Amino acid sequence: RTTIKELLGDYKKILHHDITVQGWVRAFRSNRFIALNDGSTINNVQIVVDFEKFDENILKNISNAASLKIVGEVVESQGAGQTIEIIAKKITILGDNFTEERDKTILQPKKHSLELLREQAHLRFRTNLFSAVFRVRSSVSFAIHQFFNQNQFFYMNTPIITGADAEGAGEMFGVTNFDLNEIPRDENGDIDFAQDFFGKKTNLTVSGQLNVETAMMGLGRVYTFGPTFRAENSNTTRHLAEFWMVEPEVAFNNLEDNIDLAEDFLKYVINYVLENCKDDLDFLDKRFAEEQKQKPEKDRASEGLIEKLQNVIAKRFKRVSYSEAIDILRNSKENKKGKFQFPIDEWGADLQSEHERFLVEKHFECPVVLFDYPKEIKAFYMKLNDDGKTVAAMDVLFPGIGEIIGGSQREDKFDVLTAKMKAMNVDEHELWWYLDTRKFGSVPHAGFGLGLERLVLFVTGMTNIRDVIPFPRTPHTAEF
Ligand code: ATP
Ligand code: MG
Ligand code: MG
Ligand code: MG
């Protein structure tokens, strides 16, 4: 038994042999040609059916979305665009296909909007578009592990349920196990949702960073790659309530080493996709080109999808300090004409995605790494620079995306860290274990966080983050 991918790739050995293929019908033309797909590749294999040889009951049930097992002979195909086809000898229908109901779903063979596909997220795996996106997503994850493995990192699993708020951004989901007979109440008698994990307050992780930092002080180079939760009650095309984050942490690295690592890492993964996902990328590239054609000329992308990926790995990312970026933004025509929703008038302003995208897409026209941010707008654990005003933070900004990576050199000095925690209202007692790492052989170190879905958006050319995660979890989707 082989997959269709194997079959199409290595057909010479099996020419004129009988083989078995199983899959779903993508199309049944002229009662004679079935386009069969099993998910292993974007390509279908053509099954030739001589209708005189088959029972009418079987033929009647072969229609779009039906699941079939076929035994047949592999022959060279005369048809354009395909090397082989299979002359069916035996056809078995594997499961039900309620055609009337099917035609009320996205499995009805016609073009559907992404919104409708999203509403039926459980069926969209059956479309060319989403199977391509999710195959690419799988390759991206694989390439991530491969990159770190080749660079002598160790893969650490960090807690999903935790007592720590790594970001201090108040975006945590609480965890509860309450016994219905002993529902915890606050002083007003209301249910206290902030409790209780066996009597303690816990939440779903917003970042594994504090844990990988702890493991790094011992293992040297580590990374975590897991589900991450943020109670983002906003509806952007870049935020999910549940997403996957990749977080490396490296001993003895400073900010510049960290930026080098982030750049090498992103280029490695993009190159891996270019080399290993050719068929899916060709499909996504065509789709991207068609989508551009629908847009007014001024909004069209200046390069194709594959071209964009090739260009990104060919050039060095532009490295710019926060202070330089603020000057550029403040003096930009956009700012002066009031085109930004959040005007930039002074040093210290937090950058919004409109500013990030201006820098990347209009000003530098390439990926940009911003570094040395004001300490007030970044998390407590980032290393204070000698100026006392900025921290050794860096954000990698990508065209069409904005922030794809956020990272920093970490504060490794016990005294400075505790002073920052006090100033930023971070509870030192809750994080005693994290502070301990600064007491016994602390070392300079740095790391970053990449949102997997933002990278998948970039490499697939999709524009809504809900379309690159199999089961999107947002304020409006709680099923699945
Ligand atoms: P943003 O400014 O876009 O809200 P952030 O600065 O809050 O992101 P970080 O805490 O720096 O995010 O997290 C590291 C990375 O995780 C980000 O660079 C981004 O790629 C990703 N990320 C953060 N929040 C989300 C989210 N809600 N959904 C998907 N990815 C996210
Ligand atoms: Mg955020
Ligand atoms: Mg940010
Ligand atoms: Mg960030």
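Nothing here was measured: the structure is a model prediction, and the numbers come from that model.

A. Representation of the overall build of the protein in the model. Across its full length, the protein carries 15 helices and 15 strands. Principal axes of the C-alpha set define a box for the protein whose edges measure 85 × 60 × 45 Å. A separation of at least 24 residues holds for 67% of the contacts in the protein among residues at least 6 apart in sequence. Approximately 24,300 Å² of the protein is accessible, and the part contributed by carbon and sulfur atoms is 49%. Here the protein contributes 60 positively and 74 negatively charged side chains, and the mean placements of these two sets differ by 5 Å.

B. Examining the sheet that holds strand E13 (residues 390-398) more closely. Taken in spatial order, the eight strands of this open sheet run E6-E9-E10-E15-E14-E13-E12-E11, and their pairing is mixed. Each having just a single partner strand, strand E6 (154-155) and strand E11 (318-321) make up the two edges of the open sheet. Alignment of strand E14 (residues 402-409) against strand E15 (residues 445-451), held across five bridges, turns out to be antiparallel. Opposite Gly407, over in E15, you have Phe448 as the bridge partner. Running at roughly 30° to strand E10 (residues 242-251), helix H6 (residues 209-219) makes contact with E6, strand E9 (221-229), E10 and E15 of the sheet.

C. How the structure looks around the site of ligand 1. Among the 16 residues in the neighbourhood of ligand 1, the closest are listed as Glu232, His239, Glu403, Ile404 and Arg454. Within the contact set of ligand 1, a nitrogen atom lies 2.7 Å away from a side-chain nitrogen or oxygen of Glu232. A distance of 2.8 Å separates an oxygen atom of ligand 1 from a polar atom in the side chain of Arg454. Here ligand 1 loses 81% of its free accessible area of 590 Å² to cover by the protein chains. Of all the elements, E14 adds the most residues to the shell around ligand 1, at four residues. Across the shell around ligand 1, the residue classes tally to six nonpolar, four polar and six charged.

D. Looking closely at H6. Taken together, the buried positions of H6 are Gln209, Leu210, Val212, Glu213, Ala215 and Met216. Residues of H6 that are buried make contact with E9, E10, helix H14 (432-436) and E15. Following H6 by one or two positions, Gly220 adopts a phi angle in the positive range, close to 80°.

E. Inspection of a positive patch on the surface at higher detail. The grouping of Lys333, Lys337, Lys339 and Lys362 at the surface amounts to a positive patch. For Lys362, the location among the structural elements is in helix H12 (residues 353-364). Since its relative accessible area comes to 58%, Lys362 is described here as exposed.

F. Representation of the pattern of salt bridges. The tally for this structure, following the rule as stated, stands at 22 salt bridges. One salt bridge in this structure joins Arg473 and Glu242, with 3.8 Å as the shortest N-O distance. With a gap of 231 residues between them, Arg473 in the segment after helix H15 (452-460) and Glu242 in strand E10 connect regions that are remote in the sequence. Salt-bridge contacts for Arg319 lead to Glu263; the nearest nitrogen and oxygen are separated by 3.0 Å. Here the residue Arg319 occupies a position in strand E11, and Glu263 occupies one in helix H7 (residues 255-276), the gap between them amounting to 56 residues. By relative accessible area, which is 19% here, Arg319 ends up buried.

G. How the structure looks around the nonpolar core. Core analysis: the biggest nonpolar cluster contains 65 residues, and Val140, Ile144, Phe265, Leu266, Val396, Phe398 and Ile405 have the highest contact counts within it. The contacts of Val396, once residues within four sequence positions are left out, are Ala262, Leu266, Phe317, Val368, Val369, Gly402, Glu403, Ile404 and Ile405. In terms of nonpolar packing, the next biggest core, distinct from the first, is built from 30 residues, Ile326, Met382, Leu397 and Tyr434 among them.

H. Representation of the pairing of strand E1 (residues 18-29). Relative to strand E4 (residues 67-76), E1 runs antiparallel, the two sharing seven bridges. Note that in E4 the partner of Thr20 across the bridge is Val71. Between E1 and strand E2 (residues 33-37), which pair antiparallel in sequence order, lie three residues; one of them, Ser30, sits at a positive phi of approximately 50°.

I. Layout of helix H8 (residues 278-293). If you check H8, its first and last C-alpha atoms are 23 Å apart, about what 16 residues at 1.5 Å a residue would give, namely 22 Å. Within the sequence span of H8, burial applies to Asp280, Leu281, Leu284, Arg287, Phe288 and Gln292. Buried residues of H8, seen end-on, are gathered within an arc of 140° and therefore sit on one face of the element. Across from the buried face of H8, at angles greater than 90 degrees, the exposed residues are Lys278, Lys286 and Lys293. Tucked inside the fold, the buried residues of H8 contact helix H4 (114-119), helix H5 (128-150), H7, helix H9 (305-314) and H15.

J. Geometry of the sheet that holds strand E5 (residues 84-93). If you trace the five strands once around the closed barrel, you get E1-E2-E3-E5-E4, paired in mixed fashion. Neighbour-to-neighbour, the strand axes of the sheet open up by a mean angle of 55°, direction not taken into account.

K. Structural context of the pairing of strand E3 (residues 45-48). Burial of E3 is two-sided: the residues Val45 and Ile47 facing one way and the residues Gln46 and Val48 facing the other way are all buried. Alignment of E2 against E3, held across four bridges, turns out to be antiparallel. Bridged to Phe33 within E3 is Val48.

L. Just the layout of surface pockets, in detail. When its volume is computed, the second largest pocket comes out at roughly 1,200 Å³. Around the second largest pocket sit 35 residues that line it, and Ala301, Arg357, Glu361, Pro399 and Gly400 are the ones nearest its centre. Of all the secondary structure elements, the ones that give two or more residues to the lining of the second largest pocket are H8, H9, H12 and H15. Tallying contributions element by element places H12 first for the lining of the second largest pocket, with six residues. Partitioning the lining of the second largest pocket into residue classes produces 13 nonpolar, six polar and 16 charged.

M. Spotlight on unusual backbone geometry. At Asn31, a position not held by glycine, the phi torsion is positive, near 55°. Inspection of the secondary structure assignment puts Asn31 in the loop between E1 and E2. By relative accessible area, which is 41% here, Asn31 ends up partly exposed. The backbone phi angle of Asp372 is positive, close to 60°, even though this residue is not glycine. With a relative accessible area of 23%, Asp372 lands in the partly exposed category.

Cut-offs used in this document
- Throughout, a residue's number is its position along its own chain's written sequence, starting from 1.
- Here the convention is simple: chains get letters from A, ligands get numbers from 1, in the order in which they are written.
- With the structure being a predicted model, the display of local features is reserved for residues of pLDDT at least 70 and the display and counting of side-chain atom pairs for 80 or more, all residues being used for whole-chain, interface and lining totals.
- To obtain the side-chain values, all non-hydrogen atoms of the structure were used and water was disregarded.
- To qualify as a helix, a DSSP run of H or I must reach at least 4 residues; to qualify as a strand, a run of E must reach at least 2; elements of each kind are numbered from the N terminus.
- Every residue pair with non-hydrogen atoms within 4.5 Å of one another is taken to be in contact.
- Exposure was quantified through the Shrake-Rupley algorithm and a 1.4 Å probe, taking into account, for residues, occlusion by the shown protein chains and nothing else.
- None of His or the chain ends enter the tally, which takes Lys and Arg as positive and Asp and Glu as negative.
- For charged residues, the charge sits on one atom: NZ in Lys, CZ in Arg, CG in Asp, CD in Glu.
- Pairing between strands is defined by DSSP: at least two bridges between them are needed.
- Lines fitted to C-alpha atoms define the axes here, with helix axes fitted over just the stretch in contact, and angles between the N-to-C directions of these axes take values from 0 to 180 degrees.
- Only heavy atoms are used to decide nearness, and a residue is near a molecule or strand if one of them lies within 4 Å of it.
- N or O atoms closer than or at 3.5 Å make up a polar contact, with two conditions inside protein: a donor-capable atom paired with an acceptor-capable one, and, for residues adjacent in sequence, both atoms drawn from side chains.
- Charged residues are taken to be Asp, Glu, Lys and Arg, nonpolar residues to be Ala, Val, Leu, Ile, Met, Phe, Trp, Tyr, Cys and Pro, and polar residues to be all remaining types, Gly included.
- Three labels apply to residues, based on accessible area from a 1.4 Å probe with only protein chains included: buried if under 20% of the type maximum, exposed if over 50%, partly exposed otherwise in between.
- Candidates for patches are residues over 30% relative accessible area with no salt bridge; among them, like charges are joined within 9 Å and nonpolar side chains (Val, Leu, Ile, Met, Phe, Trp, Tyr) within 5 Å.
- For salt bridges, the criterion is a side-chain nitrogen of Lys or Arg within 4 Å of an Asp or Glu carboxyl oxygen.
- The set of buried Ala, Val, Leu, Ile, Met, Phe, Trp, Tyr and Cys residues whose side-chain atoms join them within 4.5 Å is what this entry labels a nonpolar core.
- What a helix should span is 1.5 Å times the count of its residues minus one.
- Note that the arc is computed from the directions linking the helix axis to the C-beta atoms.
- In this analysis, the protein atoms alone were mapped onto a 1 Å grid. Cavities are point sets where a 1.4 Å probe fits without being able to get out; pockets are open sets with protein on both sides within 12 Å along at least five of seven lines; lining residues have an atom within 4 Å of a point.
- Grid points are joined across faces, edges and corners, and a volume is the space filled by probe spheres set on the points.

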